[in-house]
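Fold and contact review
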Amino acid sequence: KIEKAKPMKCGTFGATSLQQRYLATGDFGGNLNIWNLEAPEIPVYSVKGHKEIINSIDGVGGLGIGEGAPEIVTGSRDGTVKVWDPRQKDTPVANMEPVEGESKRDCWTVAFGNAYNQEERVVCAGYDNGDIKLFDLKTMSLRWETNIKNGVCSVEFDRKDVNMNKLVATSLEGKFHVFDMRTQHPTKGFASVSEKAQKSTIWQVRHLPQNRDIFMTSGGAGSLHLWKYEYPAQRSKKDSEGAEMGVAGSVSLLQNVTLSTQPISSLDWSPDKKGLCVCGAFDQTVRVLIVTKLNKV
């Protein structure tokens, strides 16, 4: 048990090796710290990354997940999304901020994806006004954007370390959207299917590490929902002008359970034991769960 002066909002092990197990955290003061849990007195890396609270953090290139440099992405209430390489002091390797004249939006969620070789890598960010933006770190440009008309609470690619396949975004109003990221149409972007899961906020989405077509959503009503994505017969088709466009599949509910009277705000699966997961809720309880029969779906 370690206690620090500043409250922390988010954390990840994603940019570290299994041997080091360094924990990167974002706090309410906008600071990014990386901690060696064996000697946690002073962070091994520290930077005042943002002017306001860091809402969300993700890591890639560590734990054997994703090719390329070990990098950390942070999203903040100050409207910026920054990518950090712990080997580079003080300055981010990428900084995505509102263009001049554009109002800053509270960034609630960030996620890495497409890290299947040394060069390719994207960051997806979701904002309080429903904006979803996909930044291409190879070309340092905005590759795609859309709006789901409601605050984006969580985004996650089904795998970080493959060619972009699917992206799930969850919202404040209990809806989630699954985007097929294989085919990007020049004007229509990515095909998607949406599902009204529940009446309350969907705080988080997490894909099963052993099967990327199964994912869990955690809700404001203290419930967990387990979903399966079914691909269409053909994932792409040609439009009237001959351009390739994606075709969305369908989503089915496998199981759901209510565990708490309070929102379940965070969830993670075990990469080793299929079906083992842990969740944290506003009732200050950490629950360890096992989902069975996953090999039969």
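How each quantity is defined
- Residues numbered from 1 in each chain as written.
- Predicted model: local features only at pLDDT ≥ 70, side-chain atom pairs only at ≥ 80, totals over all residues.
- Heavy atoms only, no water.
- UniProt positions renumbered as here; feature names shortened; annotations may be inferred.
- Helix = DSSP H or I, 4+ residues; strand = E, 2+ residues; numbered from the N terminus.
- Buried < 20%, exposed > 50% of the residue type's maximum accessible area, 1.4 Å probe, protein only.
- Pairing = 2+ DSSP bridges.
- Axes fitted to C-alpha atoms, helices over the stretch in contact; angles between N-to-C directions.

This part is about the UniProt feature "repeat: WD" (unreviewed entry) in the protein chain. With numbering aligned to this structure, UniProt lists the feature "repeat: WD" (unreviewed entry) at residues 72-85. The distance from the first to the last C-alpha atom of residues 72-85 is 6 Å, and the span holds 0% helix and 64% strand.

Across the 6 residues of strand E3 (residues 31-36), 6 count as buried, placing the element largely inside the fold. Side chains Asn31, Asn33 and Trp35 of E3 all project onto a buried face; the interleaved residues Leu32, Ile34 and Asn36 project onto the opposite face, where all are buried too. When strand E2 (residues 22-27) meets E3, the two strands line up antiparallel, connected through 5 bridges. Paired with Thr25 across the strands is Asn33, a residue of E3. The antiparallel hairpin formed by E2 and E3 contains 3 residues in its connecting segment, where Gly30 sits at a positive phi of about 85 degrees.

Here we take up the sheet that holds strand E25 (residues 286-290). The strand order across the open sheet built from 3 strands is E23-E24-E25, with neighbouring strands paired in antiparallel fashion. The sheet is open, and its two edges are formed by strand E23 (264-269) and E25, each paired on a single side. Across the sheet, the axes of successive neighbouring strands diverge by a mean angle of 20 degrees, strand direction being ignored. Pairing between strand E24 (residues 276-281) and E25: 5 bridges, direction antiparallel. Considered in E25, the bridge of Gly280 is made with Val286.

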